[in-house]
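# Residue-level structure breakdown
Here is what each chain is made of, one letter per residue.
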Amino acid sequence: MRDGPQILLLEDEPAIASTIAFAVQREGLALTHCPLVRDARRELSARRFDLAVLDVGLPDGSGLDLCRELRHGVETAHLPILVLSARSEELDRVLGLELGADDYVAKPFSPRELVARIRALLRRSGHHQAAQAAPPRPAAGPAADFAVDSAGQRISYRQQPLNLTRLEYGLLLTLLRGVERIHTRDMLLDAVWGQSADSTDRTVDTHIKTLRAKLRAAGAGDDCIATHRGMGYSLGRR
Ligand code: CA
């Protein structure tokens, strides 16, 4: 797995977060997405990041407050910060920069522009490697994007922990164990639900649907889990 610059993204709107995640990860940058200020605060105190992208309006607070906190933190005083806001008002922009943000992008923005700004900030802060175009991702099977922590029953996609239910975890793990194989609904029911009486093919479909949505939010393509009409599902085979 590439060990590129680590970006923290604080953004509560799933559609915007997944657009950013996709654009950033395609460039070989690792992204950790936090939907709430408290999640971002926890991540930032637990590990080192190379850049933070902060939305302003979050359900549990303001990205601008977090920006100010980071500037006063010993470890984060020099962390490059890019503020993202739906409000293109001059006040927000001025406030963001006054509070110590390094750059400001107003929504709606193009992912390409955002990535260019991120690269420029990383370049300024000394990430020369990151500032160059990322080399193409080495050809590898679809499983290469996943990391399984079986002890903690967790799976990450491109270094982003997926917040899976027990059944979604079981499904994804089963698919990962037989990459490019077609798993019928019966096989998946056996492997994940076991003897549980009231599960049907529909149960599998429903959980595949929620699993796909979570993978999509983490930046995976819609075809990450392929549907084989009349047969079943596979990971990474069309
Ligand atoms: Ca928001």
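Quick look at the structure, then. (Residues numbered from 1 in each chain as written. Predicted model: local features only at pLDDT ≥ 70, side-chain atom pairs only at ≥ 80, totals over all residues. Heavy atoms only, no water.)

With five of five residues buried, strand 6 (residues 81-85) lies mostly within the body of the structure. Here strand 6 shows two buried faces, one formed by Ile81, Val83 and Ser85 and the other by Leu82 and Leu84. Pairing geometry for strand 3 (residues 51-55) and strand 6, over four bridges, is parallel. By the bridge assignment for strand 6, Ala52 is matched with Ile81. Of the strand pairs in this sheet, strand 6 and strand 7 (residues 103-106) are connected by four bridges, and their pairing is parallel. Counterpart to Leu82 in the pairing with strand 7 is Asp103. (Buried < 20%, exposed > 50% of the residue type's maximum accessible area, 1.4 Å probe, protein only. Helix = DSSP H or I, 4+ residues; strand = E, 2+ residues; numbered from the N terminus. Pairing = 2+ DSSP bridges.)

So, about the sheet that holds strand 13 (residues 232-235). The strand order across the open sheet formed by three strands is 11-13-12, and the pairing between neighbours is antiparallel. In this open sheet, the two strands that pair with only one neighbour each are strand 11 (183-184) and strand 12 (225-228). In this sheet, strand 13 lies alongside strand 12 in antiparallel orientation, the contact comprising four bridges. Opposite Thr227, over in strand 13, you have Tyr233 as the bridge partner. Along the sheet, helix 9 (residues 201-217) makes contact with strand 12 and strand 13, crossing strand 12 at roughly 150°. (Contact = heavy atoms within 4.5 Å. Axes fitted to C-alpha atoms, helices over the stretch in contact; angles between N-to-C directions.)

Once that is clear, we can look at the packing of helix 2 (residues 37-46) against helix 3 (residues 63-72). For any two helices packed against each other, one specifies the crossing angle of their axes together with the interaxial distance. Between helix 2 and helix 3, the shortest axis-to-axis distance is 11 Å and the interhelical angle comes to 20°. In this view, helix 2 runs roughly parallel relative to helix 3, as classed from their interaxial angle. Crossing of helix 2 over helix 3 shows right-handed handedness. Contacts between helix 2 and helix 3 pair Val37, Ala40, Arg41 and Leu44 from the former with Leu66, Glu69 and Leu70 from the latter. For the contact of helix 2 with helix 3, the class distribution of residues is five nonpolar, no polar and two charged. (Parallel < 35°, antiparallel > 145°, perpendicular 65-115°, else oblique. Left-handed = near helix turned anticlockwise from the far one by under 90°. Nonpolar A, V, L, I, M, F, W, Y, C, P; charged D, E, K, R; others polar.)

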